[in-house]
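# What the coordinates show
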Amino acid sequence: MSEKKTPKIYMSFRNNQKAIEVPNGLRTVIRKCIAETLRVTDFVGDADVSVTLVDNERIKRINKEFRDKNKVTDVISFPLGAYDEYDVNPENGAYMLGDIVISMEKAHAQAIEYGHSLVREVGFLATHSTLHLLGYDHMTPEEAAVMEKKQAKALDDLGITR
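All figures in this text were calculated on a predicted structure; none of them were measured in a lab.

Mapped onto the elements, Ser77 comes out in strand β3 (residues 75-79). Here Ser77 falls in the buried class, since its relative accessible area comes to 17%. At a separation of 2.5 Å, a polar atom in the side chain of Ser77 contacts the side chain of Ser129.

Next up, the structure:
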C-alpha cells in the first residue's frame, strides 16, 4: 500500500495577541496539523491557509460580529469554499481553504483544564478548524462522530496525544 502524499501548506501566520507566550515550534506544529488533516481526509492538492492567534477579547468580538454569539470561544473557522470547491491562489497554485482564528488565552485555559500541553491544545484546535475549512461539521451526532474520528487519526498519526 502506498503512502498518501502530504500536501504542501502555504500558511500565513500572525500572532495578534500578547496574553500568552507562543511556545517555540508552535507554528510548525500548526502547519503539520493542517497538512496531516488534509492527508487523512484525502484532500488532493496544495493548500493555502491563514492562521491568526488572538486574545479572548478579540475572539469574542469576532464571534459576536460573524456568528452573533457574544462569548469567548477557542477557535473560529472562516472557510472560503468546501467539498472540493475552492479558488486557487494564482501566486502559488494552492487551493485557498480559508482562515483559522485561535484564542491563545482560551487554548491555554483548556490545556490546563484537560491536563495537557498548550501545544497539544493548539494542535487539536488547528486540526478541528481545518476540518471545518473542508466542510466537516458536528451539528448532528453522526457528523460529530466522523469529525472526531478524523481529528483523532490526524493527531495520533502526528503523535500529539493527551
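Here we take up the packing of helix α1 (residues 26-40) against helix α5 (residues 141-158). In a packed pair of helices, the relevant descriptors are the angle between the two axes and the axis-to-axis distance. Where α1 contacts α5, the axes come no closer than 9 Å and their chain directions differ by 125°. By the angle between their axes, α1 is oblique relative to α5. Of the two possible hands of crossing, α1 and α5 adopt the one that is right-handed. For the pair α1 and α5, contact is made by Lys32, Cys33, Glu36, Thr37, Arg39 and Val40 and by Lys150, Lys153, Ala154, Leu155, Asp157 and Leu158, respectively. Here the contact of α1 with α5 is built from residues that sort into 5 nonpolar, 1 polar and 6 charged.

Attention shifts here to the side chain of Thr127. Note on placement: Thr127 falls in helix α4 (residues 118-133). According to the relative accessible area criterion, Thr127 is buried, its value standing at 0%. Sequence-distant contacts of Thr127, that is, excluding residues within four places in its chain, are made with Cys33, Thr37, Gln151, Ala154 and Leu155.

Side chains that differ in sign of charge can pair as their charged atoms come close. Enumeration over the complete set of coordinates arrives at 5 salt bridges. Among the ionic pairs, Asp68 bridges to Lys64, the shortest N-O distance being 3.2 Å. When its relative accessible area of 39% is taken as the criterion, Lys64 is described as partly exposed. Connected through shared salt-bridge partners, Glu36, Arg39, Lys153 and Asp157 make up one network.

Let us now look at α5. Counting along an α-helix, one turn takes 3.6 residues, and residues three or four places apart therefore face a common direction. In this model α5 runs 26 Å from its N-terminal to its C-terminal C-alpha over 18 residues, within 8% of the 26 Å that 1.5 Å per residue would give. Listing the buried residues of α5 in full gives Ala144, Met147, Gln151, Ala154 and Leu155. Buried positions in α5, seen along its axis, are confined to an arc of 100° and lie on one side of it. Along α5, the residues that are exposed and aim more than 90 degrees away from the buried face are Pro141, Glu142 and Lys149.

This paragraph deals with the nonpolar core. The tendency in soluble globular proteins is for nonpolar side chains to be buried side by side. Ile30, Ile34, Leu38, Val51, Leu97, Ile100 and Val122 are the most contacted members of the largest nonpolar core, which has 31 residues in total. Contributing elements (two or more residues each) for this core: β1 (9-15), α1, β2 (47-54), β4 (95-103), α3 (104-114) and α4. Setting aside anything within four residues of it in sequence, one finds Leu97 in contact with Leu38, Phe43, Ala47, Asp48, Val49, Phe78, Pro79, Leu80, Gly81, Tyr86, Leu133 and Leu134. One finds Val54, Ile59, Ile62 and Ile76 within the second-largest nonpolar core, a separate group that totals 5 residues.

Cut-offs applied
Residues numbered from 1 in each chain as written. Predicted model: local features only at pLDDT ≥ 70, side-chain atom pairs only at ≥ 80, totals over all residues. Heavy atoms only, no water. Helix = DSSP H or I, 4+ residues; strand = E, 2+ residues; numbered from the N terminus. Buried < 20%, exposed > 50% of the residue type's maximum accessible area, 1.4 Å probe, protein only. Polar contact = N/O pair within 3.5 Å; in protein donor to acceptor, adjacent residues only side chain to side chain. Axes fitted to C-alpha atoms, helices over the stretch in contact; angles between N-to-C directions. Parallel < 35°, antiparallel > 145°, perpendicular 65-115°, else oblique. Left-handed = near helix turned anticlockwise from the far one by under 90°. Contact = heavy atoms within 4.5 Å. Nonpolar A, V, L, I, M, F, W, Y, C, P; charged D, E, K, R; others polar. Salt bridge = Lys/Arg side-chain N within 4 Å of Asp/Glu carboxyl O. Expected span 1.5 Å × (residues − 1). Arc of directions from axis to C-beta. Core = buried A, V, L, I, M, F, W, Y, C linked by side-chain atoms within 4.5 Å.

These results come straight from atomic positions and should not be treated as a statement about function.
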